[in-house]
Amino acid sequence: MSDAQPSTKAKESPYLRIESLTKLFGSFAALKDINLEVFEGEFICFLGPSGCGKTTLLRCIAGLDIQTSGRVIQAGEDISTLPPSARDFGIVFQSYALFPNLTVRKNLAYGLENRRMKKAAIEERVNELLELVGLTGQDKKYPSQLSGGQQQRVALARALASWPGLLLLDEPLSALDAKVRVYLRHEVRRLQRKLGITTVMVTHDQEEALTMADRIVVMDQGVIGQVGTPLQIYREPATSFVADFIGSMNFVPGTMAAPNLVRFGNVNLACDVDGLAAGMEVTIAIRPEDIVVQDVAGSEENAFEVQIESTEFLGSFLRVDLVSETMGEARLRADFSINLVRRVDISEGASLPVMVPRERIRIYPGSLDHG
Amino acid sequence: MADIAVARATSLRPALSRDDLVRGGGLVVMGVFLFVVVLLPLYALLSKSFEDADGKFIGFANYIEYFGTPALVSSAGHTIFIGVVTMVIVVTLAFIYAYALTRSCMPFKGLFRGIALIPILAPSLLPAISLVYLFGNQGMIKELLFGYKIYGPIGIVIALAFWIFPHTVMLLTTALATADARLYEAAIALRASKLRTFFTVTLPATKYGVMSACFVAFTYGITDFGAPKVIGGWYNVLSVDIYKQVVGQWNFQMGAVVSVILLFPVVITFIVDRLVQRRQVAQITARSVPLEPKPNRRFDLIMLIYCSVIAFILLGILAVSAYASFIKFWPYNLSLSLDNYQFQYMDGGGWDAYGNSILLGVLTAFFGSLIIFGGAYLVEKSRHYGKYRGTLQFLAILPLAVPGMVLGLAYIFFFNDPANPLNFLYQTLGILVICTIAHYYTVPHLTALTALKQLDAEFEDVSASLKVPFYKTFSRVTFPVCLPAILDIGIYLFINAMTTVSAVVFLWGPATKLASVAVLNMDDQGDIAPAAAMAMMIVYTSATVRILHIVLTRGLQRRTQAWRRREVIAETVGQPAPT
Amino acid sequence: MNTSCISLRIHKALAVVVAAFLVTVFSIPPAAADTTLTVYTALEAEELRPLQDAFQKEHPDIKINWVRDSTGIITAKVLAEKANPKADLFYGTSATSLLVADSLGLLTPYAPKGLDKLDPRFRDPRNPPHWVGVDAYAAVICYNTIEAKKFNLPQPTTWKDLTKPVYKGYLVMPNPNSSGTGFLTVSAWLQMMGEKAAWKYMNQLHQNMAVYTHSGSKPCRLAAAGEHPIGISFAFRGAKLKQKGAPLALITPEEGVGWEVEASGIMKASKNKEAAMKFMDWSITPAAMKVFNDYLPILARPDLAKPVKHFPEDTQEKMIKNDFAWAAENRKRILGEWQKRYDVKSEPKS
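Here the structure is a predicted model, which is why all the values come from computation and not from measurement.

### Considerations on the sheet that holds strand β14 (residues 281-286) of chain A
Residues and elements named next belong to chain A. Strand order in this open sheet of five strands is β13-β12-β11-β14-β20, and the pairing throughout is antiparallel. In this open sheet, the two strands that pair with only one neighbour each are β13 (267-270) and β20 (362-365). Pairwise comparison of adjacent strand axes, ignoring direction, gives a mean angle of 40° for this sheet. Across three bridges, the pairing between strand β11 (residues 250-258) and strand β12 (residues 261-264) is antiparallel. Bridge pairing in β12 links A258 to L261.

### Here we look at helix α6 (residues 180-193) of chain C
Side chains three or four residues apart in an α-helix point the same way, a direct result of the helix having 3.6 residues per turn. All names here are of chain C. Here α6 spans 20 Å end to end across 14 residues, near enough to the 20 Å set by a 1.5 Å rise per residue. Most of α6 sits inside the fold, with 11 of its 14 residues counted as buried. If you check the start of α6, you find a side-chain oxygen 3.1 Å away from the backbone N of T181, and it comes from S179.

### Section: the interface of chain B and chain A
On the chain A side, the residues contacting the 43 residues of chain B number 58 residues. Each partner contributes to the roughly 4400 Å² buried at the junction of chain B and chain A, and carbon and sulfur atoms together form 57% of this total. Connecting chain B to chain A are two salt bridges. Of the charged contacts in the structure, one is a salt bridge between R476 of chain B and E113 of chain A, with a shortest N-O distance of 2.7 Å. Remark: the boundary between chain B and chain A carries 13 residue pairs in polar contact (both at pLDDT 80 or more).

### As for the side chain of K513 of chain B
Examined against the element boundaries, K513 of chain B turns out to sit in the loop between α20 (470-499) and α21 (515-524). Among the polar contacts listed, one links the side chain of K513 of chain B to the backbone oxygen of R68 of chain C, at a separation of 2.9 Å.

### Thoughts on the state of the cysteines
Following the criterion strictly, the structure yields one disulfide over all chains and no others. Paired through a disulfide, C142 of chain C and C220 of chain C show a sulfur-sulfur distance of 2.0 Å. Across the S-S bond linking C142 of chain C and C220 of chain C, the dihedral sits near -95°, which makes this disulfide left-handed. On the criterion of sequence distance, the pair formed by C142 of chain C in strand β5 (residues 132-144) and C220 of chain C in helix α8 (residues 218-224) is long-range, its members being 78 residues apart. Summarising the burial analysis for this pair, C142 of chain C and C220 of chain C share the class buried. Of all cysteine sulfurs, the one in C105 of chain B lies closest to C307 of chain B, which takes part in no disulfide; the gap is 13 Å.

### Quick look at the pairing of strand β4 (residues 69-74) of chain A
All names here are of chain A. Across the six residues of β4, five count as buried, placing the element largely inside the fold. Where strand β1 (residues 16-25) lies against β4, five bridges are found, and the strand directions are antiparallel. Opposite I18, over in β4, you have V72 as the bridge partner. Summarising the sheet, β4 and strand β5 (residues 77-78) pair through two bridges and their orientation is antiparallel. Note that in β5 the partner of Q74 across the bridge is E77. Counting the residues that bridge the hairpin from β4 to β5 gives two residues, and of these A75 lies at a positive phi of roughly 50°.

### Remarks on the domain arrangement of chain C
Residues and elements named next belong to chain C. Annotation of chain C at the domain level lists domain 1 (35-136 + 260-312) and domain 2 (137-258 + 328-345). The distance between the C-alpha centroids of domain 1 and domain 2 comes to 26 Å. Between domain 1 and domain 2, the contact holds 19 residues from the first and 19 residues from the second. Carbon and sulfur atoms make up 68% of the area that domain 1 and domain 2 hide from each other, which totals about 1500 Å². In terms of surface lost to domain 2, no three residues of domain 1 exceed E260, H310 and P312, which account for 37% of the buried area on that side. Summed over the shared surface of domain 1 and domain 2, the result is one salt bridge. Close ionic contact of E44 with R237 constitutes a salt bridge, the shortest N to O distance being 2.7 Å. Linking domain 1 with domain 2 are two residue pairs in polar contact (both at pLDDT 80 or more). Listed by contribution, the elements that provide at least two residues to the side of domain 1 that touches domain 2 are α3 (71-80), α4 (95-103), β5 and β10 (259-267). Considering only residue class, the side of domain 1 that touches domain 2 consists of eight nonpolar, five polar and six charged.

### Description of α21 of chain B
Residues and elements named next belong to chain B. Summarising burial for α21: 10 of the 10 residues are buried, a large majority. All of the buried residues along α21 are A515, S516, V517, A518, V519, L520, N521, M522, D523 and D524. Phi for G526, located one or two positions after α21, is positive at around 90°.

### A look at the packing of helix α4 (residues 70-103) of chain B against helix α9 (residues 194-223) of chain B
Residues and elements named next belong to chain B. Contact geometry of α4 with α9 gives a least axis separation of 8 Å together with a crossing angle of 135°. When the axis of α4 is compared with that of α9, the two are oblique. Two packed elements cross with a definite hand, and for α4 against α9 that hand is right-handed. Of the residues in α9, those in contact with T79, I80, I82, G83, V84, M87, V90, V91, F95, Y99 and R103 of α4 are F198, T202, L203, T206, V210, A213, C214, A217, F218, G221 and I222. A breakdown of the residues in the contact of α4 with α9 according to their chemical character gives 16 nonpolar, five polar and one charged.

### A look at the interface of chain B and chain C
With 67 residues of chain B in contact, the opposing surface of chain C contributes 77 residues. Summed over both partners, the interface of chain B with chain C buries about 6000 Å², with 61% contributed by carbon and sulfur atoms. Of all residues in chain B, the largest losses of buried area upon contact with chain C belong to W234, W250 and Y332 of chain B, amounting jointly to 16% of the total for that side. The interface formed by chain B and chain C includes two salt bridges. Taking the shortest distance from any N to any O, the salt bridge between D523 of chain B and K218 of chain C comes out at 3.5 Å.

Quick notes on the rules
Residues numbered from 1 in each chain as written. Chains lettered and ligands numbered in written order. Predicted model: local features only at pLDDT ≥ 70, side-chain atom pairs only at ≥ 80, totals over all residues. Heavy atoms only, no water. Pairing = 2+ DSSP bridges. Helix = DSSP H or I, 4+ residues; strand = E, 2+ residues; numbered from the N terminus. Axes fitted to C-alpha atoms, helices over the stretch in contact; angles between N-to-C directions. Expected span 1.5 Å × (residues − 1). Buried < 20%, exposed > 50% of the residue type's maximum accessible area, 1.4 Å probe, protein only. Polar contact = N/O pair within 3.5 Å; in protein donor to acceptor, adjacent residues only side chain to side chain. Contact = heavy atoms within 4.5 Å. Buried area = accessible area lost by both parts, 1.4 Å probe. Salt bridge = Lys/Arg side-chain N within 4 Å of Asp/Glu carboxyl O. Disulfide = S-S within 2.5 Å. Domains from an automatic or database assignment. Nonpolar A, V, L, I, M, F, W, Y, C, P; charged D, E, K, R; others polar. Parallel < 35°, antiparallel > 145°, perpendicular 65-115°, else oblique. Left-handed = near helix turned anticlockwise from the far one by under 90°.

Rendered as structure tokens:
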């Protein structure tokens, strides 16, 4: 598969660079001063709620929309104002945009036929692509005769057909059934790894982003909230928006009691935090699964007594709303595994000691509206 | 916001690809075309209405003269009256008919649907001619009018009702077909009576369809020329006045004035229609459950009887002309002969005119489909040039607001000006083709847009990413996928080119007489039987072409059904992973 | 079949067809090798072929491209094209129309050979004449005998008779605004009776009128079909219809009948003046007169005229002294007055 990876550039210099990119639609700023670097062979996900600008950013990279200001540099070349046809990318849309009146084979050969390639070479390349996406033998079918997942793979193969340096995926899986979507996540990721092609995918589905991406770019209201590996994004969300958007999160208003000690209600929690002075209003963020039931009461760091207000059975775990006098107004939601539930009495009204590991506590300055 | 201002100030100019430039060029050509064939002639018409016979500007003098002539002013009232009465009658009749087609379980629905569309194949002169044979002073069943005269508003309204019926039935069938069954289930659950359900569910749900039908009926009613010309008697209407001013009195300025007067109600209707349509878009609900009519013997029988009566009348009117065209000398010699088809011995252009009409139809259909579909493609699928595309869209919709008589007269002023480099087109078939395309531009344009909007908006983006020029995608994907719509456009243009009188009545030349104009002129001369014969020739031809169109479309569908069908293919997740 | 292959073929076919059509569209009317005269005329359609055949027997090198229509329409065409005339000859149309065209300077005077043999009423008095006539047509009353019996309508013998209440709703005449016959009739009444009396007469006539038709031959056709039993029309149409078996009587009212010359003139803008002159010369030769005489009994050369079957025989002597110049001068005023008086009718009269 050496042909799919023509370039052998140094890893250090980014393959794709976006410099202070802004896109206005009328007076609405869809993207504000975006800076981003994507390295060769990376799988990047743009993740965010609808309207956050992620698709616009993808379209700017493709040249389908031209940014109002800022630069896009691909493989060392400034492509900021180039039309799509002068750029080097393959693209898969949510709709797949397969040509309905052309067979799978013709769809795959579509871009190749325009490159003055020999007929036999085109045949060979198409066969290769069919094999790559596991559709050998389906080449005489029309798109409407294929399942959604198969259509998606044809679209992917077509985007890869002429060895682009960059693969752009615009919500490629969101039109599919849940099961197929999960299956294809792995397929796409496997293909991308195999070909080593630099890939940018837009999605609003955090699970998709977490499972597929090398790095995730979380976007909100036209700005980048955080760039990082899935683990970083999940474990150390840089902003309360990111924290809230990825996974579920308890947000509790609190104050800094001392450096590295945060207080809410009558509970004091030790944490690792820099640069926040005592007395400052903060928001404490704790993931539900990071609330641990204590076997030994009271003694450990960050442990406190809670009561179970209500429980909700969610299959593999139990979601529990916790209250207590010591917490004051605040309430916490915790996810307890079924294993745990078997061992400990977790029923509505029961009291139990819990603790939160200090390294799992995130502190954000200021108070928030987040529930 | 400061950085936004900076960003805007230093706004990047996208580099245009060759595709963008070519499409931009195409847009410019389309713009120039529409500007020249629609706007400039209208401007020429407007300025003519402010000139005297020598071409000197005289301000509103012509208009003052117009409003000082009671005979002319009364026509304006007549025209509106005819428009309103026709609208009320035809929309009511068509609504019940469409209701029967969509909401009953009566048999022969397909047949009735087909019969309702037949009047489209005929020029509006035909029903008027038939009415003369039916209700004229020597009419077959004139007693049915109880002494009233068919010449005048009665005749005009009946003829127009016949001719406009199919257009309104089509609109109302569409409106009634897209009902939400859930609302009716709710009404039943709430024990609302049938009548109450009709007024609280059916009517509100179809109100935009009804309004559209009203606008169409009103506009066609006030702009038609054929029916009032043949059967109007003393009852003057604006379209006939334009003709009389120009052809009878050689008073082009006054013709222009009357044209401008006629333009007013049409433009107002057009604007209101656009506003209403815009509202409708917001009202369409996302997912409704299609309504399946349930059998109800009594109701279905009533509907069957109603549709049979209407169908009988429609077919009857056609049959009268067909029959009359074979009669030797009405009413004194009822033996049958083909004498009336000996067009070469009559005024109006003879068989040549018939040949010209077919040629006009073919050329209009061919070039019209090409230009209109191409234009719609450029408007819908080009990148960049946003504002300009908006302007083009407006220009493409505009012809709907220009009555044929007005356009035809405008064409004389514009194209017969010796200073116009396009003057060479005057009196050629070329000008007739152009005028007919311009006259009927809007509906095919909208058809094309609908078809194009159904295509994935990302075909062009994908093609650009694959470095395939747009025209290749146009010819390999867009064109074949839209072929049925393009054929629809072609047939629409062909039939209209065959049947239209209004726009072309001023534009034909010695070598380009037309069948529809021949019908008009023969009737004008009192040669009513040959006029009926020629009108029937038009019907036969349109019908043949229509059948051909159906066969062609069916064949096309059969050949392309492999990729046109839309079925859901089951997923096979567990498929062996590719290597 | 594969789609791209089809579309490729479609493209090639398109290109060919487009080219072919473009050539066809823009080359109509086609250019001819010989001289082709474009002749605008209001002569009857059936007259044109025999006339052309007779002419080409003597002048095979001159082709004729007829543009035929009713007087009103063909005149409108000439006027519409005044800035850029298309015709070589303005032919066989009412003298009034020719005078209107002449007043705009569209005609060039020409004295055809044999002019001296013409009845002086059939030519422009100026020398050389701006127009020359070949024959005349008169307005008569077409009277349907069957319907008349049915409705007890006595046969009228004078114009005055037509104002009797018994005819109410049974009369038709052409609208002078659109029909040459209509105009010549109105013009005749004005000249015969004097303006005041004539308008009064028309007021009365208006009460009886069922409809004013657009064309001059329609009233007779309506009469022949019994649609409206009495029509003022031109005699030629009546004679033709009688021949076809229509139950018609053609009446020339005692007061006299209006008439018009079928006149011709050469367009100043003509690029084929020589051929046009030849055609004008030929038009008053006995050969041409013979063709015209097949249709009309009253010729510009009275010496050659023979009666035509079904025509009322006394037409010639009943023809009034017609002042074409006066008619042309006053045409606009007359028509305006007429329209003001009679064109307003909210209902078709019963």
